[in-house]
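Structure at a glance
Listed below, chain by chain, are the residues.
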Amino acid sequence: MPSVMPSSSARAARKEVADRLRELCRDAGFNGRELALRAGWHPSKSSRIINALTSPSDEDIRTWCRLCGAEEQSVDLIAATRSAASMYVEWRRLQRTGLTRLQNSYVPLFERTRVFRVYSSSLVPGLLQSRGYATALLSAITRFHGTPDDVADAVDARLARSRIVREGGRRFALLMEESVLRHRIGDAGVMRRQLEDLLAATALPAVSLGIVPAGAEREVWPLETFSVYDGEQVEVETLTASLTVTRPREIAHYLDAFEKLSGAAVYGDRARALIGSALAALG
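Residues numbered from 1 in each chain as written. Predicted model: local features only at pLDDT ≥ 70, side-chain atom pairs only at ≥ 80, totals over all residues. Heavy atoms only, no water.

1. Describing the nonpolar core
By size, the foremost hydrophobic cluster in this structure holds 37 residues, and its most contacted members are Phe172, Leu181 and Leu198. Looking at this core, the elements with two or more residues in it are helix H8 (107–112), strand S2 (115–120), helix H9 (131–145), strand S3 (171–177), helix H11 (188–201), strand S4 (207–212) and helix H13 (268–281). For Leu181, the residues in contact, after removing those within four places along its chain, are Met176, Met191, Leu195, Leu198, Ile211, Leu274, Ile275 and Ala278. The next biggest cluster of nonpolar side chains, apart from the first, holds 19 residues, and it includes Tyr119, Tyr254, Ala257 and Phe258. (Core = buried A, V, L, I, M, F, W, Y, C linked by side-chain atoms within 4.5 Å. Buried < 20%, exposed > 50% of the residue type's maximum accessible area, 1.4 Å probe, protein only. Helix = DSSP H or I, 4+ residues; strand = E, 2+ residues; numbered from the N terminus. Contact = heavy atoms within 4.5 Å.)

Structural data, given as structure tokens:
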């Protein structure tokens, strides 16, 4: 994990743990350097922990609490540290055994979510991906990250998870940039089937599919792909990592961005016209 994480949620969570450890030292009557000496650590280790530059291990926290006479706080601090670490997770770690496990890991979140808001600047949202498109995409991801090849099983898991768009009780507000329609994932046949599936998706009663035209006047620039689940959690996808945002103030920013992007998007017949244009361009 990098020493400086690109999410203020993750940084803030790590800082909260660091501040609590600093307070334990103060309550015990000594500073971080003195604690490091008592623990047999290099002095810089406690300094890096206190300044939230390094995440302490479970054993580090147990030692810290024991030396400060606050062993009863170790369990809660370990849980807080693990939560902070889970906010920023490298794809390499998530995909170390392949992609199927990662696909299945989202099932509980999808099952409890009632309102999905998804914005994609580069790909068709996973909930609307066809089998061919998903296969081409996950194959490329497997090659790029050098992960074990379980693409066929991962595609099955993704499609099984996506069936919820045709079930009742949920709403899906999905946005994508027009350029997504022309990014070639797979061959022309794969893209044709995917675009045809998008046309069909515009008729699904639970789905609102918006496309931001390339020439649209906009208040918000194209962003990284993100998904908002019931306004309580945001998942952000970067090239190297998955970012989980849970701080209300940050979630509010993503909701505001989604609303503004929605305002720049077109729907219904105008969205279908953009999809039809991309289909025609395939020849």
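After that view of the structure, there is still more to cover.
2. With respect to helix H4 (residues 58–67)
Along H4, the residues that are buried comprise Asp60, Ile61, Thr63, Trp64 and Cys65. Following H4 by one or two positions, Gly69 adopts a phi angle in the positive range, close to 70°.

3. Things to note about unusual backbone geometry
Even without being glycine, Ala52 reaches a positive phi, approximately 60°. Relative to the elements of secondary structure, Ala52 occurs in the loop between helix H3 (43–50) and H4. Look at Ala52 and you get buried, because its relative accessible area is 17%. Phi at Asp230 is positive, roughly 55°, even though this residue is not glycine. If you trace the backbone, Asp230 turns up in the loop between strand S5 (226–229) and strand S6 (233–237). Among the residues examined, Asp230 registers a relative accessible area of 27% and is labelled partly exposed.

4. Points about the pattern of salt bridges
Note that side chains of opposite charge can pair when their charged atoms are close. Going through the model one piece at a time under the given rule, you end up with 11 salt bridges. A salt bridge links Arg193 to Asp197, with the nearest nitrogen and oxygen atoms 3.1 Å apart. Placement of the pair is Arg193 and Asp197 together in helix H11, with a separation of 4 residues, close to one helical turn. A residue is classified by how much of its surface remains accessible, and Asp197, at 24% relative accessible area, is partly exposed. One connected set of salt bridges, linked through shared partners, spans Lys15, Asp19 and Arg22. (Salt bridge = Lys/Arg side-chain N within 4 Å of Asp/Glu carboxyl O.)

5. Some thoughts on H9
The end-to-end C-alpha distance of H9 is 21 Å, a good match for the 21 Å that 15 residues give at a rise of 1.5 Å each. Taken residue by residue, H9 has Tyr133, Ala134, Leu137, Leu138, Ser139 and Thr142 as its buried positions. Considering only its buried residues, H9 is in contact with helix H7 (100–105), helix H10 (151–161) and H11. At the C-terminal side of H9, Gly146 shows a positive phi close to 65°. (Expected span 1.5 Å × (residues − 1).)

6. What about the side chain of Gln233?
Mapped onto the elements of the fold, Gln233 is located in strand S6. Residue classification places Gln233 among the buried residues on the basis of a relative accessible area of 18%. At 2.5 Å, the side chain of Gln233 and the side chain of Glu235 are in polar contact. (Polar contact = N/O pair within 3.5 Å; in protein donor to acceptor, adjacent residues only side chain to side chain.)

7. Examining the packing of aromatic side chains
All told, the structure shown has 9 aromatic pairs when counted by the stated rule. Where Trp41 meets Trp64, the ring centres are 6.2 Å apart and the plane angle is 45°; that geometry is what we call tilted. Of this pair, Trp41 sits in the loop between helix H2 (32–39) and H3 while Trp64 is found in helix H4, placing the two residues 23 residues apart along the sequence. Each member of the pair Trp41 and Trp64 is classed as buried. Each ring, one from Phe110 and one from Phe116, has its centre 5.3 Å from the other, and the planes form 75°; the classification is edge-to-face. No difference in accessibility class separates Phe110 from Phe116, as the two residues are buried. Looking at Arg38, its charged tip hangs above the ring of Phe30, at a distance of 4.2 Å from the centre. In this arrangement the basic side chain of Lys45 is found over the ring face of Trp41, its NZ or CZ atom lying 4.4 Å from the centre. (Phe/Tyr/Trp six-rings, centres within 6.5 Å; stacked < 30°, edge-to-face > 60°. Lys NZ or Arg CZ within 6 Å of the ring centre and 35° of its normal.)

8. Remarks on the pairing of S5
Side-chain positions along a regular strand alternate between the two faces of the sheet. Judged by which residues are buried, S5 turns out to be covered on both faces: Phe226 and Val228 on one side and Ser227 and Tyr229 on the other are all buried. Two strands pair when backbone bridges link them, and S2 and S5 are joined in this way by 4 bridges, in the antiparallel orientation. Residue pairing across strands places Arg117 opposite Val228, the latter belonging to S5. Counting the residues that bridge the hairpin from S5 to S6 gives 3 residues, and of these Asp230 lies at a positive phi of roughly 55°. (Pairing = 2+ DSSP bridges.)

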